[in-house]
Amino acid sequence: PDICNPFFSEVFYASSLAAEEHGYQLLLYHSNESITSESLAIQNLLSDQVEGLLITPVADDNEVNVPLLHLVQEKGIPIVFIDREMKTITCDGIFIDNVRGSYEATALLLNQGHRRIATIAGPVNTIPGRERLEGFTKAMTDYGCEIPEGYIQYGDFKSKSSYQSTNHLLDLPVPPTAIFTCNNLATVGCLKALL
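Numbers given for residues are sequential positions, taken from 1 along each chain in its written order. Side-chain atom pairs in this predicted model are given and counted only at pLDDT of 80 or more, local residue features only at pLDDT of at least 70, and totals for whole chains, interfaces and linings cover all residues. To obtain the side-chain values, all non-hydrogen atoms of the structure were used and water was disregarded.

(A) Structural view of the overall build of the protein. Counting its secondary structure elements, the protein contains 7 helices and 6 strands. By definition, any uninterrupted DSSP run of H or I lasting at least four residues is a helix, any uninterrupted run of E lasting at least two residues is a strand, and each is numbered from the N terminus. Ordered by position in the sequence, the α and β elements of the protein form the string α-α-β-α-β-β-α-β-α-β-α-β-α. Each of the three principal axes of the protein carries a C-alpha extent, and together these read 55 × 30 × 30 Å. Remark: exposure states derive from per-residue accessible area (1.4 Å probe, protein chains only) relative to the maximum for the residue type, with buried under 20%, exposed over 50%, and partly exposed in between. Here the protein holds 195 residues, and the buried ones make up 43% of them. Here, two residues are considered to be in contact whenever any of their heavy atoms come within 4.5 Å of each other. Considering only intrachain contacts with a sequence separation of at least 6, the fraction spanning at least 24 residues in the protein is 67%. All accessible-area figures derive from a Shrake-Rupley calculation using a 1.4 Å probe, and residue coverage is judged against the displayed protein chains alone. Here the protein displays about 10,600 Å² of accessible surface, and carbon together with sulfur accounts for 54% of that area. Of the side-chain charges in the protein, 12 are positive and 24 negative, and the distance between the mean point of each set is 7 Å. His is not counted, nor are the chain ends; Lys and Arg add positive charge and Asp and Glu add negative charge. For the purpose of locating charges, the reference atoms are NZ of Lys, CZ of Arg, CG of Asp and CD of Glu.

(B) Representation of the nonpolar core. Buried Ala, Val, Leu, Ile, Met, Phe, Trp, Tyr and Cys residues form a nonpolar core when they are joined through side-chain atoms within 4.5 Å. In terms of nonpolar packing, the biggest core is built from 15 residues, with Ile42, Leu53, Leu69, Val72, Ile79 and Phe81 touching the most fellow members. Breaking this core down by element, the ones donating at least two residues are helix H2 (35-47), strand E1 (53-55), helix H3 (66-74) and strand E2 (79-82). Per element, the largest residue contribution to this core is 4 residues, and it comes from H3. Ignoring sequence-local partners within four residues, the contact set of Phe81 consists of Ile55, Pro57, Leu69, Met86, Ile89, Cys91, Asp92, Gly93, Ile94 and Phe95. Leu109, Met140, Phe157 and Phe180 belong to the second largest nonpolar core, which has 13 residues in total.

(C) Local environment of the sheet that holds strand E5 (residues 152-154). Strand pairing requires that DSSP identify at least two bridges connecting the strands. Spatially, the 3 strands line up as an open sheet ordered E5-E4-E6, and their pairing is parallel. Across the chains shown, the open sheet's two edge strands, defined by having one partner strand only, are E5 and strand E6 (178-181). Across the sheet, the mean angle separating the axes of adjacent strands is 20° when strand polarity is ignored. Where strand E4 (residues 117-121) and E6 come together, 4 bridges link them in parallel fashion. In the strand pairing of E6, Ile117 is matched with Ala178. Across the sheet, helix H4 (residues 98-111) touches E4 and E6, and the angle it forms with E6 is around 170°. Inter-axis angles, ranging from 0 to 180 degrees, are taken between N-to-C directions of lines fitted to C-alpha atoms, where helices are fitted over the stretch in contact.

(D) The sheet that holds strand E3 (residues 92-94), seen in detail. Reading across the sheet, the 3 strands line up as E1-E2-E3 and stay open at both edges, with parallel pairing between neighbours. Two strands bound the open sheet, and with one partner strand each, they are E1 and E3. The mean angle between the axes of side-by-side strands here comes to 25°, regardless of whether they run parallel or antiparallel. Across the sheet, H3 is in contact with E1 and E2; its angle to E2 comes to roughly 135°.

(E) Structural detail: the side chain of Ser162. Note on placement: Ser162 falls in helix H6 (residues 159-170). Here Ser162 falls in the buried class, since its relative accessible area comes to 0%. In this structure Ser162 touches Ile120, Thr181, Ala186, Gly189 and Cys190, once residues within four positions along its chain are discounted.

Don't take any of this as a statement about function, it's just geometry.
So this is what it looks like as structure tokens:
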């Protein structure tokens, strides 16, 4: 979804090394979080007669590309989801425990004495966005902390929106003492605003 994000660049690099060891080459398509671009990429890959598909889908509720991915499966082409999945497609996937990771990060802030913690969440139509927000809210609840209105800002996992969200949080009548960001690029935008 975003080749400018170092996470996805690293995934592509490591995947290409593994593929080359087995005589394969990877083709890279960048959707830029666009369902339309993702559709075009899947169609192009089908016409290129690829032997497998690694995909980080734009959204898990993306009904536009479900028929295309079913067509991929009907042609016997294996699909592996990376970091995100789609609700109506059954295939292998590689995921992290987003809830636990965000819970532990929030708990770290709570254990350092913070009680006014805000979050810049990712898109809730993605598993990472939804689950990382879930881990944050669960930690806050478990520690008996309320989340004031305005302390949850929804972003798009990009630096620019996180920069804007951080400025909004800092302008609140009672600003947070800590901010939990839900990915690396959101952290960059938050730090730029804080600096």
